[in-house]
Amino acid sequence: MIIFNFGIPNSGTDWSQAVFKKIWESQNYAFQVQEPQSIEELNQIIGTMNIHERMILKFDLLTEEAIQAAQQDAVRPFYHYRDPRDVVSASMQLQQASFSDAVESTVSAYQEIHHALPLPGIMVIPYEHIADNAEALIFQMATQLGILLKLDAVSAIAEEVLELTTQPAAPASSEPATGQSVRIDQEHTADASVVQPLCIGKWRDELSQSEQAMVNRFFKPLVTQFGYSE
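Now for a quick tour of the structure. Keep in mind that this is a model prediction, so the values were computed, not measured.

1. Focus on the packing of helix α4 (residues 84–94) against helix α5 (residues 99–110)
Move 1: Closest axis-to-axis distance for the α4/α5 pair is 9 Å, and the angle between their directions is 130°. In terms of orientation, α4 lies oblique with respect to α5. Handedness of the α4/α5 crossing: right-handed. Where α4 approaches α5, its residues Pro84, Val87, Val88, Ser91 and Met92 are matched on the opposing element by Phe99, Ala102, Val103, Thr106 and Tyr110.
Move 2: Broken down by class, the residue content of the contact of α4 with α5 amounts to 8 nonpolar, 2 polar and no charged.

This is the structure in structure tokens:
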């Protein structure tokens, strides 16, 4: 089974990545983790992946190769989205993008949503549900993987992942760098993932008044479509 963990950048894929790991670790499954850093690397991984092994593939941009691969029964796609104004703010903070570049990349990312939603068996994850309804999401994510978790196990995973948002990043080690294959099993359960603290509406505090006015005007159709408050 292959997990496609993707969506709008800075919209919760890091959180889901940690959840997927813990779900499979709870079953003592061995699996690989891949986080390609380029389209070329993503397509290479997709072209050589073994659907008879377990792998979590985390990426942002949806390529034609990914769309075709997602049609396979062994692939479970999970798509994330977030208030586009918060995506702009997060891109400026985390990727040190300029305001104009953050807006442009957010527009490009949202243009892909119409290709993602028709994928068979896709589970769509709103960022706001991650922040406010994590346990229900984790339960549903596990059932998408054919696993029925006990409710106390769901609560434990939610707590463990929440702790990752409050811990400093782990120091550099001899583990493979991001983008390389990582073998995970019951003897390798250390989680060095960096999960950003969950925050809704950060654009109101971090963007200037003129930038707030611009994103409100520019993303008004998306804000209306997804029901975000103005």
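Let us keep going from here.
2. Things to note about the side chain of arginine 82
Move 1: Along the chain, arginine 82 turns up in the loop between β4 (75–81) and α4.
Move 2: For the buried arginine 82, which has no salt bridge, the nearest side chain bearing the opposite charge is aspartate 86, at an N-O separation of 4.3 Å.
Move 3: A polar contact is formed between the side chain of arginine 82 and the backbone oxygen of asparagine 10, at a distance of 2.5 Å.
Move 4: Residues contacting arginine 82, with those up to four places away along its chain left out, are Asn10, Ser11, Val87, Ala90, Tyr110, Tyr127, Glu128, Cys199, Lys202 and Tyr228.

3. Let's talk about the packing of aromatic side chains
Move 1: Following the criterion strictly, the structure yields 9 aromatic pairs and no others.
Move 2: Centre to centre, the rings of phenylalanine 6 and phenylalanine 59 are 5.0 Å apart; their planes meet at 5°, and the pair counts as stacked. Here phenylalanine 59 lies in strand β3 (residues 55–59) and phenylalanine 6 lies in strand β1 (residues 2–7), a separation of 53 residues in the sequence. Here phenylalanine 6 and phenylalanine 59 have matching classes, each one buried.
Move 3: Between phenylalanine 226 and tyrosine 228, the ring centres sit 6.3 Å apart and the planes meet at 40°, which makes this aromatic pair tilted.
Move 4: Given the relative accessible area of 14%, tyrosine 228 is considered buried.
Move 5: By way of ring pairs, the aromatic residues Phe4, Phe6, Phe59 and Tyr79 are connected into one cluster.
Move 6: Between the NZ or CZ atom of arginine 54 and the centre of the ring of tyrosine 29, over which it lies, the distance is 3.7 Å.
Move 7: The aromatic ring of tyrosine 127 is capped on one face by arginine 82, whose charged end is 3.9 Å from the ring centroid.

Analysis parameters
- Residues numbered from 1 in each chain as written.
- Predicted model: local features only at pLDDT ≥ 70, side-chain atom pairs only at ≥ 80, totals over all residues.
- Heavy atoms only, no water.
- Axes fitted to C-alpha atoms, helices over the stretch in contact; angles between N-to-C directions.
- Helix = DSSP H or I, 4+ residues; strand = E, 2+ residues; numbered from the N terminus.
- Parallel < 35°, antiparallel > 145°, perpendicular 65-115°, else oblique.
- Left-handed = near helix turned anticlockwise from the far one by under 90°.
- Contact = heavy atoms within 4.5 Å.
- Nonpolar A, V, L, I, M, F, W, Y, C, P; charged D, E, K, R; others polar.
- Buried < 20%, exposed > 50% of the residue type's maximum accessible area, 1.4 Å probe, protein only.
- Lys, Arg positive; Asp, Glu negative; His and termini not counted.
- Salt bridge = Lys/Arg side-chain N within 4 Å of Asp/Glu carboxyl O.
- Polar contact = N/O pair within 3.5 Å; in protein donor to acceptor, adjacent residues only side chain to side chain.
- Phe/Tyr/Trp six-rings, centres within 6.5 Å; stacked < 30°, edge-to-face > 60°.
- Lys NZ or Arg CZ within 6 Å of the ring centre and 35° of its normal.

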